[in-house]
Structures are given as C-alpha cells and as structure tokens.
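# Close look at the chain arrangement
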Amino acid sequence: MTPALSDEQDRSDMARLVAGQDAALNELMARHAERLSHYLLRLLQNETEAADVAEEAFVRVYLHRAKFRRGKKFSTWLYTIATHLARDLQRQRSRHPHVSLDAKPEDSSRDFRNFLPETRPGPIESLEARERAEAVRLAVAALPEELRVPLILSVYEAQAHAEIAEVLDCSAKAVEMRLYRARQHLRERLEKSLAVH
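About the criteria used
Residues numbered from 1 in each chain as written. Predicted model: local features only at pLDDT ≥ 70, side-chain atom pairs only at ≥ 80, totals over all residues. Heavy atoms only, no water. Axes fitted to C-alpha atoms, helices over the stretch in contact; angles between N-to-C directions. Helix = DSSP H or I, 4+ residues; strand = E, 2+ residues; numbered from the N terminus. Parallel < 35°, antiparallel > 145°, perpendicular 65-115°, else oblique. Left-handed = near helix turned anticlockwise from the far one by under 90°. Contact = heavy atoms within 4.5 Å. Nonpolar A, V, L, I, M, F, W, Y, C, P; charged D, E, K, R; others polar. pLDDT = per-residue confidence, 0-100. Core = buried A, V, L, I, M, F, W, Y, C linked by side-chain atoms within 4.5 Å. Buried < 20%, exposed > 50% of the residue type's maximum accessible area, 1.4 Å probe, protein only.

For any two helices packed against each other, one specifies the crossing angle of their axes together with the interaxial distance. Two numbers describe how helix H2 (residues 23-44) lies on helix H3 (residues 47-63): the axes approach to 8 Å, and their chain directions differ by 140°. As judged from the angle between their axes, H2 and H3 are oblique. For the pair H2 and H3, the crossing hand works out as right-handed. Where H2 approaches H3, its residues Leu 25, Leu 28, Met 29, His 32, Ala 33, Leu 36, Ser 37, Leu 40, Leu 41 and Leu 44 are matched on the opposing element by Glu 47, Glu 49, Ala 50, Val 53, Ala 54, Ala 57, Phe 58, Val 61 and Tyr 62. Split into classes, the residues belonging to the contact of H2 with H3 amount to 15 nonpolar, two polar and two charged.

Set out below in structure tokens:
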C-alpha cells in the first residue's frame, strides 16, 4: 500500500471510528501496531514496556478519537501519543526504579542482532560486528531524550522532519539541529568506544 493510499485509508478509518464503528480501530492497529512497537522498543529498550505503551497508545486513540483532525496524518498523531506516553514512563522509571531479585533475563528473541543479514562471516568478523552493533545501540540509548527520540524517528521510522516536528511539538529547524547534535554525539562516542577495540 502506498503512503498516500495508507494515509487516506487511515483518515477513512478514523472517520468510521468517530462515527461509532469500533471495528475501524482494528484496521488501524493492523496497519500501525508493528511499526509502532518497533519504534517504542528502540526508544524504551524493553519489550514488555514497549508493548504496554503501544497498547495504551491505541487505547488513547480510541478514547480521544473525536479530537483527531481530519487534515492531519494519523501516523503522526499516533506517534505523538506514543512518544508522550513513553516519556511519561521514562520519567516514572527514573523516579521509581524497579529492581527484581527474581528477574530472569529478558527474552532475546526480539534482539536487534536477530534481524541482521544472514551472511556467514568468520567468528572474528561476527564478534566485531556484534561489538559494533552493541556499541551503536548503547550509544543511541545513552543520548539525551531530546536527541534520541528524533534520531529514532528519523533513522529507524523514516519519518520526515516535518512529521517529527509535529510529534515533538517543535519546528522542523529544531528537528534538524537535534539530529545534527545527535549524530555529533554518536560520532564522538563511537570513535572513542570503537577505537578501544
């Protein structure tokens, strides 16, 4: 489905949802849930929390369906809601850290390394690639939120600067500056960490 067709279908489904046809929400979820979950997983670094926030975002879409502006992109509105929910969760997490003595390691089946291409490099190349990927993941996770969120939306979600600006409630120029600063931070951090190896 082309982006323009998808946007039109989203608007149509939102109109149906506002009119009381609750089944339209299922169609919106079918089109957007997977990408939204991937975005939130990159943002929160926790699969369970990402799934919870994605679910809550769709609950908010349903609850606030009458507030959707027909001329706007649904995906931008959805990502705005999800980003605000993720921010709230991160604030709560920082104020009330949760440590479990009985916790088992998180399921690594959704680990980003499982999605890398299946070329069969040698063991040394494999180790180096894993170390580089882990260094990038850690460097992105260490970025301040104001730099990490636009970077993830731009690089991993392929959103335009104007869409990111709407999600973050700032100007497109501010998004450009944040992306520039995020890439600078990453370059500096990765030069240091990869130079050590």
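Let's pick the thread back up.
Quick look at the confidence of the model for the protein now. Residues of the protein with pLDDT of at least 70 account for 85%, and the chain-wide mean is 85. Looking across the protein, the model is least confident in helix H5 (residues 123-142), with a mean pLDDT of 84, and most confident in H3, with 94.

Another point: the nonpolar core. Formed by 45 residues in total, the largest nonpolar core has its most connected members in Met 14, Leu 36, Tyr 39, Leu 40, Val 61 and Phe 74. Among the elements of the structure, helix H1 (3-18), H2, H3, helix H4 (74-95), H5, helix H6 (145-156), helix H7 (161-168) and helix H8 (172-196) are those that each provide at least two residues to this core.

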